[in-house]
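Residues per chain are reported as follows:
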Amino acid sequence: MRDGGIDMVVQGGSPYVTGLSELDTTNPVRPLPIPEDALQELDEAGYGYNVEMSIPAGSYSNLEEDVPTVSTMAMVVVNEDMDEETVYELTKSLWENLERFQDEQPNRGDYFDPELGYHGLVDPDENMHPGAKRYYEEIGVVE
């Protein structure tokens, strides 16, 4: 995109994606809105996308108003046979270092929330590793 070889990219990440912000300094980017009917279809399909997200106006130089988009949860995927204690410690380390995420990646870290980490997963009782679930139980997220 920087040298004009391509015109479009599908990009994941939060507003102010580093690569797009860098590109925006020399070749302004323009995020495209996802039409409301497409957002509604995605929501109804139950794929797990959050459709209540917008890229805020001002995130990039050409962005004068919020642009509707989709977001997904960041997650750590492990083999179901992975040691329970290892997964527990991994989960604990993630949430006990939340301030570091917020400091180093504020546009992503501000969305990190253990409540959402547990309840945002489709059927966490079925789809969450027992080590991670144990940590969420310990901090009172699981009823």
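For the structure, check the block above.
Residues numbered from 1 in each chain as written. Predicted model: local features only at pLDDT ≥ 70, side-chain atom pairs only at ≥ 80, totals over all residues. Heavy atoms only, no water.

Side note on the overall build of the chain
Here is step 1 of the chain: When helices and strands are tallied, the chain shows eight helices and two strands.
Here is step 2 of the chain: Its C-alpha atoms give the chain principal-axis dimensions of about 50 × 35 × 25 Å.
Here is step 3 of the chain: When burial is assessed residue by residue, the chain has 24% of its 143 residues classed as buried.
Here is step 4 of the chain: The long-range fraction of contacts in the chain, counting pairs at least 24 apart against all pairs at least 6 apart in sequence, stands at 51%.
Here is step 5 of the chain: As displayed, the chain has an accessible area near 10100 Å², and 47% of this comes from carbon and sulfur atoms.
Here is step 6 of the chain: Of the side-chain charges in the chain, 7 are positive and 32 negative, and the distance between the mean point of each set is 8 Å. (Helix = DSSP H or I, 4+ residues; strand = E, 2+ residues; numbered from the N terminus. Buried < 20%, exposed > 50% of the residue type's maximum accessible area, 1.4 Å probe, protein only. Contact = heavy atoms within 4.5 Å. Areas by Shrake-Rupley, 256 points an atom, 1.4 Å probe, with all protein chains shown as cover. Lys, Arg positive; Asp, Glu negative; His and termini not counted. Charge placed at Lys NZ, Arg CZ, Asp CG, Glu CD.)

Re the side chain of D24
Here is step 1 of the chain: The topology assignment puts D24 in helix α1 (residues 18-24).
Here is step 2 of the chain: At 2.7 Å, the side chain of D24 forms a polar contact with the backbone nitrogen of S61. (Polar contact = N/O pair within 3.5 Å; in protein donor to acceptor, adjacent residues only side chain to side chain.)

Brief notes about the packing of aromatic side chains
Here is step 1 of the chain: All chains considered together, the criterion is met by five aromatic pairs.
Here is step 2 of the chain: A ring pair is formed by Y118 and Y136, whose centres lie 5.5 Å apart and whose planes are at 50 degrees; its orientation type is tilted. A residue pair is termed long-range when its members are at least 10 positions apart, and Y118 in helix α6 (residues 114-119) and Y136 in helix α8 (residues 130-138) qualify at 18 residues. For the pair shown, Y118 and Y136 are each scored as buried.
Here is step 3 of the chain: In this structure, R134 is placed above the aromatic ring of Y88, and the distance from its NZ or CZ to the ring centre is 4.0 Å. (Phe/Tyr/Trp six-rings, centres within 6.5 Å; stacked < 30°, edge-to-face > 60°. Lys NZ or Arg CZ within 6 Å of the ring centre and 35° of its normal.)

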